[in-house]
Amino acid sequence: MTSKHRRQFLGAVASLPFTKAAIAQDLPLTPACGPQAAPTPRQTEGPYYTPNTPQRSSLVEPGSKAERLVLAGRVVDAQCRPVAKALLDFWHCDENGEYDNAGFRYRGHLFTDAEGRYRLETIFPALYPGRARHIHVKVQAPGRRILTTQLYFPGDARDSLWRKELEVVMEQRPQGRLAAFQFIVDA
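Bear in mind the structure is a predicted one, so any value in this text is a computation, not a measurement. Counting from 1, residues in each chain are numbered in the order their sequence is written. For this predicted model, a pLDDT threshold of at least 70 governs which residues receive local features, and a threshold of 80 or more governs which side-chain atom pairs are given and counted, while totals over whole chains, interfaces and linings are taken from all residues. Hydrogens are left out, water is left out, and the side-chain values use all remaining heavy atoms of the structure.

1. A word on the overall build of the protein
Here's step 1: Where helices and strands are cited, they refer to DSSP runs of H or I of at least four residues and of E of at least two residues respectively, numbered from the N terminus. Along the protein, the regular secondary structure elements total one helix and eight strands.
Here's step 2: The buried label goes to any residue with under 20% of its type's maximum accessible area, the exposed label to any with over 50%, and the partly exposed label to all in between, with areas taken from a 1.4 Å probe on protein chains only. Burial analysis of the protein (187 residues in total) assigns 51% to the buried set.
Here's step 3: Here the analysis covers contacts within the protein between residues at least 6 apart in sequence; of these, 72% occur between residues at least 24 apart.
Here's step 4: As displayed, the protein has an accessible area near 9000 Å², and 51% of this comes from carbon and sulfur atoms. Note on contacts: a residue pair qualifies if any of its non-hydrogen atoms lie within 4.5 Å across the two residues. With residues, only the protein chains shown are counted as cover, and all accessible areas are computed by Shrake-Rupley using a 1.4 Å probe.

Structure follows, in structure tokens:
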């Protein structure tokens, strides 16, 4: 991503209120889509996936003191066309590095809008032994194959699964961290 695109993105996302479900209007294409673009890389779902998550755009648990994270972006095809009504199913560990395997803490799904945009409010996941910080996600364009992958954070390449192509763009703000990622799917 060029520094110009990064500044445009951070300006758009930084203006998002943390308490509203607003979605940035002009996120940059990160990673870029176009004729030579590869789909978002697949990765393992890991041992902690739970199906049938609740539909919600905020995974923040009541009373949580963890640092907030807003993850926003788009789901597009390789020609940069937005994918409306794409399903995004997210899960990650809590502020102690633990997964909820009995319920749905820090788990949930949402759908993209008509422009392929999504916005998730959650917490910045903790480290746990042997892994880089990450957020798991399954992305599915309507009627298409599910993409299972993981998103990573800048400067946190601490395991063999971490991939630069799956790194979010991120900025620290007073309200928490702002991050963005564009999924490129076969649609």
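Now that the structure is up, let's keep going.
2. Focus on the nonpolar core
Nonpolar side chains tend to gather and get buried jointly when the protein is soluble and globular.
Here's step 1: Working definition of a nonpolar core: buried Ala, Val, Leu, Ile, Met, Phe, Trp, Tyr and Cys residues. They are joined through side-chain atoms within 4.5 Å. Counting 32 residues, the largest nonpolar core has Val75, Leu88, Phe90, Tyr118 and Phe183 as its most contacted members.
Here's step 2: Elements that contribute at least two residues to this core include exactly strand S1 (68-76), strand S2 (87-91), strand S4 (117-123), strand S5 (134-140), strand S6 (147-152) and strand S8 (176-184).

3. Observations regarding the packing of aromatic side chains
Here's step 1: Aromatic contacts are taken between Phe, Tyr and Trp rings whose centres are within 6.5 Å, Trp giving its six-membered ring; a plane angle under 30 degrees counts as stacked, one over 60 as edge-to-face, and the others as tilted. Counted by the stated rule, this structure contains seven aromatic pairs.
Here's step 2: Relative to Tyr128, the ring of Tyr99 lies with its centre 5.8 Å away and its plane at 80°, an arrangement referred to as edge-to-face. Taken together, the positions of Tyr99 in the loop between S2 and strand S3 (107-111) and Tyr128 in the loop between S4 and S5 put the pair 29 residues apart, joining distant regions of the chain.
Here's step 3: Judged by relative accessible area, Tyr99 falls into the buried class, the value being 11%.
Here's step 4: Relative to Phe153, the ring of Phe124 lies with its centre 4.9 Å away and its plane at 75°, an arrangement referred to as edge-to-face. Placement of Phe124 in the loop between S4 and S5 and of Phe153 in the loop between S6 and strand S7 (169-173) is noted, with a sequence separation of 29 residues between them.
Here's step 5: By way of ring pairs, the aromatic residues Phe90, Tyr118, Phe181 and Phe183 are connected into one cluster.
Here's step 6: Cation placement over rings: the criterion is NZ of Lys or CZ of Arg within 6 Å of the ring centroid and within 35° of the ring normal. Directly above the ring of Tyr49 sits Lys138, whose terminal nitrogen or CZ lies 4.6 Å from the centroid.
Here's step 7: Sitting above the plane of the Phe124 ring, Arg177 keeps its charged end 3.8 Å from the centroid.

4. Observations regarding the sheet that holds S6
Here's step 1: Here four strands make up an open sheet; going across it, the order is S3-S2-S5-S6 and the pairing antiparallel. Both outer strands of the open sheet, S3 and S6, are each paired with one neighbouring strand and no more. Sheet twist, expressed as the mean angle between neighbouring strand axes with direction ignored, is 25°.
Here's step 2: Pairing between strands requires that DSSP locate at least two bridges from one strand to the other. Inspection of the sheet shows S2 paired to S3 by five bridges, in the antiparallel sense. Bridge pairing links Phe90 to Gly108 in S3. Here an axis means a line fitted to C-alpha atoms, over the contact stretch when the element is a helix, while the angle between two N-to-C directions is reported on a 0 to 180 degree scale.

5. Quick word on the pattern of salt bridges
Here's step 1: Take a side-chain nitrogen of Lys or Arg and a carboxyl oxygen of Asp or Glu: if they are within 4 Å of each other, that pair is a salt bridge. Applying the stated criterion across every chain yields a total of eleven salt bridges.
Here's step 2: Lys138 is paired through a salt bridge with Glu45; the nearest N and O atoms lie 2.6 Å apart. Taken together, the residues Lys138 in strand S5 and Glu45 in the loop between helix H1 (3-14) and S1 connect sequence positions 93 residues apart.
Here's step 3: Take Lys138: its relative accessible area is 11%, and that puts it in the buried class.
Here's step 4: Glu45 gets classed as partly exposed once you look at its relative accessible area, which sits at 28%.

By themselves, these are just geometric observations and shouldn't be taken as functional.
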